[in-house]
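Letter by letter, the chains look like this.
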Amino acid sequence: WLFPKGNADRIEIISIIACHHKDAETLFDMYGGRHALRDEATVIRESSLQLIPHLARQINPKTRWHLWRWLNECGESWASTLGIEISDMPQLLPFEQASTTNLERSIFQALREFAVIRETRLPEEKNSAHLYRGLILTSDHAASAGTPPFPLLRLTKDVAANPLPELAKWRSHQREADQAGEGSALMIAPTGSGKTEAALLWAARQIELRPASRLFYTLPYQASMNAMAERLQTRFFDPENDLEKDQVTIQHSRATLRLYQEMMEADSGINPKVATIGAKKLTNLAKLNYYPVQVFSPYQMLKAAYSLKGYEALLVDYTNGLFIFDEIHAYEPKRLALIITMMGWLAHNYRARFLVMTATLPLMIETALKRTLPNCAEILADAQVFEDSRRHTVELHDGDLQEYLDQIAVKGRQGKVLICCNQVSRAQDVYRRLQDDYNYTRDDMMLLHGRFNGKDRTSKEKQLAEIVGVGKSRRPYIIVATQVVEVSLDIDLDTIYTDPAPLEALLQRFGRVNRGRKEKELCPVHVFHQPFGERESRPYDYLLVEESLKTLERYCGGGEPIDESLVTKMLGEIYQRKEIIDQWQKDYDSAERNFQGVLDRMKPFQSADISIYKQFYELFDGTQVLPVDCETEYYDALEKRDFLAASQYLVNISYGQYWGLRSKGLVKEREKEEYADHVNVDYSEEWGLNIAGALEAKDADV
């Protein structure tokens, strides 16, 4: 009646209406359309041929009359009331013709036209088609949820500069970001030099040059996402201002739990069920793309590439979006290939702009970024910033840090010390020795690793912020930790004793030392050569660790300070080793080719099949389990129907660890309506999950 054959918008209107609930292939299976009507009976089920007449019969003559009247008399005024300007209002078919429309034939013809066009679209037309569906999905879901009008992005230059001193004291990369040209950029500046503030200045500048309604801040770890979201909302935006309070959200697998915990901590008298409802509501708003600033991992973006259900709404959000990538070095080459390829795809097809900021950028990653993001500008901190950022002298030691516990224990009585181990079991061993051999207690130190449940991990991070946070008291304290400290915590310690690791990881660990200095003092960081070897260096490649130690020896041996301006050169020398760079490039290129195939297989109005879903979820090496020691609290929460409270007792482990426990008979499969399998492994809020101890005890029994 409104979009007859020949109308330029006809196919888009058909596709939006037909596919706002079901994928195209499902519709064709149910109602036909893949083939001409004369051929349909021979290629689809007879029952499907009855569905279109069934639909048509629901529009009886009386209903048809009221629909025509509504379109004729109300359509224009509804559009005007909703603020929709329609310069070329479609002409409605006269009722005499509308009343005789053959609805069965019209429905089938519409589906047939849709099927034909869908197979012949050009690539750029496919990209637009994704957005048509994304817009109707967003509108439909937001309306069904009763969502208020989406808030505007309130990022301006003044907001971005809010935490900074007066302009004259801005650092070189901050001034350069503020004056950047339109487009993507690569920023290299040392740790602690105000990169986040510079990134926000870049984003505000991009909005001036070409409007953007969304800002995405990407980080690799959930803990760092939580911290960054809080930092953005409190340091840049005013949570008490009605226009700015709904600016920032987090999106990750445990975001709802994090929001629940924040609500429970903010109001000790709140009912857990009320907090659960509130947390779920905020998470649902985030899923509806309500918030203009989103802190998430790059894997959220990859959901769109793998065509997971509702992916088109994500692409609407990413169109003209601004992306800030932090800690990009943290991804191994196979994952990095997916992330960088996705950047290029969004930049080319949806006009997204990216700022990649880092203190450590190996040449091959820089090359991949510049190849994928052509005309990518460079924002580089000047020599003075690098000079001012010197905070550490390096001391390399033969042997294992456990051989130096006498010295470490003394230092722990004098100041704030970080001990960083590569495996959870090593961290637990060191922590136990400090207790047994050196009389340290829980008041003197803390154990932190990735095998704590959500409740205890959050509690530990808050405790550390109070004890060793930047600007806090200087009382002596020891943290025994794994890699979780590398980017997740804003803490300030006097020294570190660390297992050997790749240079990028070591520099991140060093970043927890002398973080909040006011004077230009240099603090020692201690790196050990052992344990080292193909097995002992896990989770790292031992060749990469070997070259990193050699390079540190050349540049910083004998207690020399780390020159931040030479980090890129140091990384370049590490990756010159043929075995390392060849393997890196092989992994990257293979993953890039495979992922490009995923992008090429995307079809408008169609979600992925089960095989593609499987490919996406294979990116994540982990599952959640319930330690038997947490069962009482877990069941108490389930009995109260407080499922979020129950989920905070689960612990993340790798699939390898899961199957190792299962092979020893230490896994009990979950009951109905439970979240996770149970594991017969000791757990405490002080020690976390003791997988190594459980496996050793089982082997001893055998």
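Conventions we followed
Residues numbered from 1 in each chain as written. Predicted model: local features only at pLDDT ≥ 70, side-chain atom pairs only at ≥ 80, totals over all residues. Heavy atoms only, no water. Helix = DSSP H or I, 4+ residues; strand = E, 2+ residues; numbered from the N terminus. Rg over C-alpha atoms; globule rule 2.2 N^0.38 Å. Buried < 20%, exposed > 50% of the residue type's maximum accessible area, 1.4 Å probe, protein only. Contact = heavy atoms within 4.5 Å. Areas by Shrake-Rupley, 256 points an atom, 1.4 Å probe, with all protein chains shown as cover. Lys, Arg positive; Asp, Glu negative; His and termini not counted. Charge placed at Lys NZ, Arg CZ, Asp CG, Glu CD. Expected span 1.5 Å × (residues − 1). Patch = residues over 30% accessible without salt bridge, like charges linked within 9 Å, V, L, I, M, F, W, Y side chains within 5 Å. Salt bridge = Lys/Arg side-chain N within 4 Å of Asp/Glu carboxyl O. Core = buried A, V, L, I, M, F, W, Y, C linked by side-chain atoms within 4.5 Å. Pairing = 2+ DSSP bridges. Axes fitted to C-alpha atoms, helices over the stretch in contact; angles between N-to-C directions.

J.: I'm lost on the overall build of the protein chain in this one. Help?
T.: A tally of regular secondary structure across the protein chain gives 33 helices and 19 strands. A globule of 702 residues ought to have a C-alpha radius of gyration of about 27 Å, and the protein chain, at 29 Å, matches this closely. Considering only C-alpha atoms, the protein chain reaches an extent of 95 × 65 × 55 Å along its principal axes. Taking all 702 residues of the protein chain together, the buried fraction comes to 52%. Nonlocal contacts in the protein chain, meaning residues at least 24 apart in sequence, comprise 77% of its contacts between residues at least 6 apart. When the accessible surface of the protein chain is summed, it comes to about 33,200 Å², and 50% of that surface belongs to carbon and sulfur atoms. Each charge class in the protein chain can be summarised by its mean position, and for the 85 positive and 102 negative side chains these summaries are 4 Å apart.

J.: Can you walk me through helix 8 (residues 103–120) in this structure?
T.: Residues spaced three or four apart along an α-helix point in a common direction, a consequence of the helix completing one turn every 3.6 residues. With 18 residues, helix 8 extends 26 Å between its outermost C-alpha atoms, agreeing within 8% with the 26 Å of an ideal straight helix rising 1.5 Å per residue. Among all positions of helix 8, only Leu103, Phe108, Ala110, Leu111, Glu113, Phe114, Ala115 and Arg118 are buried.

J.: When you look at a negative patch on the surface in this model, what are you seeing that I'm missing?
T.: There is a patch of like negative charges on the surface, built from Asp629, Glu633, Asp636, Glu639 and Asp682. Within the secondary structure, Asp629 is located in the loop between strand 14 (623–627) and helix 30 (631–639). On the accessibility criterion, Asp629 (39% relative accessible area) is partly exposed.

J.: Looking at this structure, I do not really get the nonpolar core. What am I missing?
T.: The nonpolar side chains of soluble globular proteins are, as a tendency, buried together. Judged by nonpolar contacts, the single largest core of 92 residues is most densely connected at Tyr306, Tyr318, Phe323, Met342 and Leu346. In this structure Phe323 touches Trp202, Phe216, Phe296, Met301, Tyr318, Leu346, Ala352, Arg353, Phe354 and Leu355, once residues within four positions along its chain are discounted. Counting residues in hydrophobic clusters, the runner-up holds 50 residues, among them Ala427, Phe452, Tyr634 and Ile691.

J.: For this particular structure, what's the right way to read the sheet that holds strand 17 (residues 677–679)?
T.: Consider a sheet: its strands pair through backbone hydrogen bonds, and that pairing is either parallel or antiparallel. The strand order 15-14-17-16 describes an open sheet built from 4 strands, whose pairing is mixed. Of all the strands in the sheet, just strand 15 (651–653) and strand 16 (667–668) have a single pairing partner and so form its edges. The sheet contact formed by strand 14 and strand 15 spans 3 bridges and is antiparallel. Bridging from a neighbouring strand, Thr623 pairs with Ile653 of strand 15. Helix 30 rests against strand 14, strand 16 and strand 17 of the sheet, and its axis sits at about 105 degrees to strand 14.

J.: Could you clarify how one ought to interpret the sheet that holds strand 11 (residues 477–481) in this entry?
T.: One open sheet holds the 6 strands; their spatial order is 8-13-12-9-11-10, and the pairing between them is parallel. The sheet terminates laterally at strand 8 (392–400) and strand 10 (445–448), the two strands that pair on one side only. Strand-to-strand twist in this sheet, taken as the mean axis angle between neighbours without regard to direction, amounts to 15 degrees. Sheet analysis places strand 9 (residues 416–420) next to strand 12 (residues 495–498), joined by 4 bridges and oriented parallel. Bridge pairing in strand 12 links Leu418 to Ile496. Along the sheet, helix 21 (residues 405–414) contacts strand 9, strand 11, strand 12 and strand 13 (523–530); its crossing angle with strand 9, the most-contacted strand, is approximately 145 degrees.

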